[in-house]
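Observations on the model geometry
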Amino acid sequence: CIACCVWPALDSPEFSKPARDVCIYCTGTDCGVYPTRPQVCRTFDCVWRRAAGLPPEARPDKLGLMFSIEREAEPKTVFENLYILASADRDPAELHSSLADGVIGALSRNVLPIFIAWDGIKVMVHPPAPLAAGIADPSKAETAVAEDAARWLKAYAPYARYGAGFNVKLPAGF
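The text that follows walks through the structure, step by step, so that each part is easy to find. (Residues numbered from 1 in each chain as written. Predicted model: local features only at pLDDT ≥ 70, side-chain atom pairs only at ≥ 80, totals over all residues. Heavy atoms only, no water.)

1. Points about the overall build of the protein chain
The helix and strand tally for the protein chain stands at 7 helices and 7 strands. Sequence-ordered secondary structure for the protein chain, helices as α and strands as β, is α-β-β-α-β-α-α-β-β-α-β-β-α-α. Taking 174 residues into account, the globule formula puts the C-alpha radius of gyration at 16 Å, and the protein chain, at 17 Å, falls close to it. Dimensions of the protein chain, computed from C-alpha atoms along their principal axes, come out at roughly 55 × 35 × 30 Å. A buried classification covers 40% of the 174 residues belonging to the protein chain. Surface accessibility of the protein chain: about 9800 Å² in total, with carbon and sulfur atoms responsible for 55%. In the protein chain, which carries 18 positive and 20 negative side-chain charges, the distance between the mean positions of the two groups comes to 7 Å. (Helix = DSSP H or I, 4+ residues; strand = E, 2+ residues; numbered from the N terminus. Rg over C-alpha atoms; globule rule 2.2 N^0.38 Å. Buried < 20%, exposed > 50% of the residue type's maximum accessible area, 1.4 Å probe, protein only. Areas by Shrake-Rupley, 256 points an atom, 1.4 Å probe, with all protein chains shown as cover. Lys, Arg positive; Asp, Glu negative; His and termini not counted. Charge placed at Lys NZ, Arg CZ, Asp CG, Glu CD.)

2. Some points on the sheet that holds strand 7 (residues 121-126)
Across the sheet, 5 strands lie side by side as 3-4-5-6-7; this open sheet has mixed pairing. Unpaired on one side and paired on the other, strand 3 (45-46) and strand 7 mark the two borders of the sheet. Sheet analysis places strand 5 (residues 83-88) next to strand 6 (residues 114-118), joined by 4 bridges and oriented parallel. Paired with I84 across the bridge in strand 6 is I114. The sheet strands contacting helix 5 (residues 98-107) are strand 4 (65-70), strand 5, strand 6 and strand 7, and the helix crosses strand 4 at an angle near 20°. (Pairing = 2+ DSSP bridges. Contact = heavy atoms within 4.5 Å. Axes fitted to C-alpha atoms, helices over the stretch in contact; angles between N-to-C directions.)

Here it is, written out as structure tokens:
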């Protein structure tokens, strides 16, 4: 799969390319400079490669979606410290296919927040809205979700504290 050589926009001091342009180092089947690839490529985290339980048809170039592990340098919410991002390549409807829903459901069993994105718009789909509200502001959490919000924050804390530059090792069974 060469989706990571095509889909993402890359902009770093050492290398840049627009979104959906094929990387100059891509051979058509893999990276031609993989052993010495730019740092921006070394830190790209493809969930399909890391999550052992995903089916072959969930591969980004087959599904039309790329699931990546992202981190914001300056997160606006607790959920942006470290999260999974599902990005559509060709059609935003791919974000709502039954296979995409299945992958999101499987990934939702983990603590990382999940966002879907298309054309610059990013929407969080996990944790669900009532739980997310309790996590974002525990003082206003409804009694029904307060304990779940506290548990989620405790489980997410190791990931949130690392933020940018953290090389994610997904838990067993992810």
